[in-house]
Amino acid sequence: MDDEDKAISELKRVDHLIYVTLKYTRTVDVIRTIIEKLISTLNHKSEAIFTSLMDNNKVSAVAAVPLVRMKDLEKQYPKDKTVKDIVDFYVLLKRIFNTDYRAKEEYRKNVTLVTRDHEVNIEKLKNYYEITQDYVKYLNEEIKA
């Protein structure tokens, strides 16, 4: 399975987690898992892009560290504002995932993951999912073309 398929399969898992798992299991752990899957989706997509660039001899090596790879993606497409937005979104997700957190209203309708700088509820999570879908679609169409 190539990296592009991995990104799409991760999005399918996120869809299931949001619309099925989160409906019945309203915990912060599920929210964290969804954020982790969104990060993984963008990791797979960036890896696929760099593999393609390497095959076309546009880059000589692919960074092993996903964050470095995302920053390199920004360097590869310096005039593309959407790529910068993707990298910024990726950094935001990583920051939310890696920081200390607490649960607010766990096991209830308005379950929220609370960090020092952000609050992620179900609506915001759905928004992140849609943004990730749009970015993956953009990267498939614009950059791979």
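The preceding data block contains the structure.
Residues numbered from 1 in each chain as written. Predicted model: local features only at pLDDT ≥ 70, side-chain atom pairs only at ≥ 80, totals over all residues. Heavy atoms only, no water.

**Digging into a nonpolar patch on the surface**
A cluster of nonpolar side chains, contributed by Tyr19, Val20 and Tyr24, occupies part of the molecular surface with about 330 Å² of accessible area. On the basis of relative accessibility, which here comes to 64%, the residue tyrosine 24 falls in the exposed class. (Patch = residues over 30% accessible without salt bridge, like charges linked within 9 Å, V, L, I, M, F, W, Y side chains within 5 Å. Areas by Shrake-Rupley, 256 points an atom, 1.4 Å probe, with all protein chains shown as cover. Salt bridge = Lys/Arg side-chain N within 4 Å of Asp/Glu carboxyl O. Buried < 20%, exposed > 50% of the residue type's maximum accessible area, 1.4 Å probe, protein only.)

**Quick notes on the packing of aromatic side chains**
Applying the stated criterion across every chain yields a total of two aromatic pairs. Where phenylalanine 89 meets tyrosine 128, the ring centres are 5.6 Å apart and the plane angle is 70 degrees; that geometry is what we call edge-to-face. With phenylalanine 89 in helix α4 (residues 81–98) and tyrosine 128 in helix α5 (residues 122–143), this residue pair connects regions lying 39 residues apart in the sequence. In this pair, the class of phenylalanine 89 matches that of tyrosine 128, namely buried. (Phe/Tyr/Trp six-rings, centres within 6.5 Å; stacked < 30°, edge-to-face > 60°. Helix = DSSP H or I, 4+ residues; strand = E, 2+ residues; numbered from the N terminus.)

**A short note on the sheet that holds strand β1 (residues 102–104)**
Judged by pairing direction, the sheet is antiparallel, and its three strands sit side by side in the order β1-β2-β3 without closing on themselves. Looking along the sheet, the strands with just one partner apiece sit at the ends: β1 and β3 (119–121). For this sheet, the mean inter-axis angle between neighbouring strands, taken without regard to orientation, is 25 degrees. Two elements, β1 and strand β2 (residues 112–114), share three bridges in a ladder whose sense is antiparallel. Paired with lysine 104 across the strands is threonine 112, a residue of β2. Packing against the sheet, helix α2 (residues 28–55) makes contact with β1, β2 and β3, and its axis sits at approximately 75 degrees to β2. (Pairing = 2+ DSSP bridges. Axes fitted to C-alpha atoms, helices over the stretch in contact; angles between N-to-C directions. Contact = heavy atoms within 4.5 Å.)

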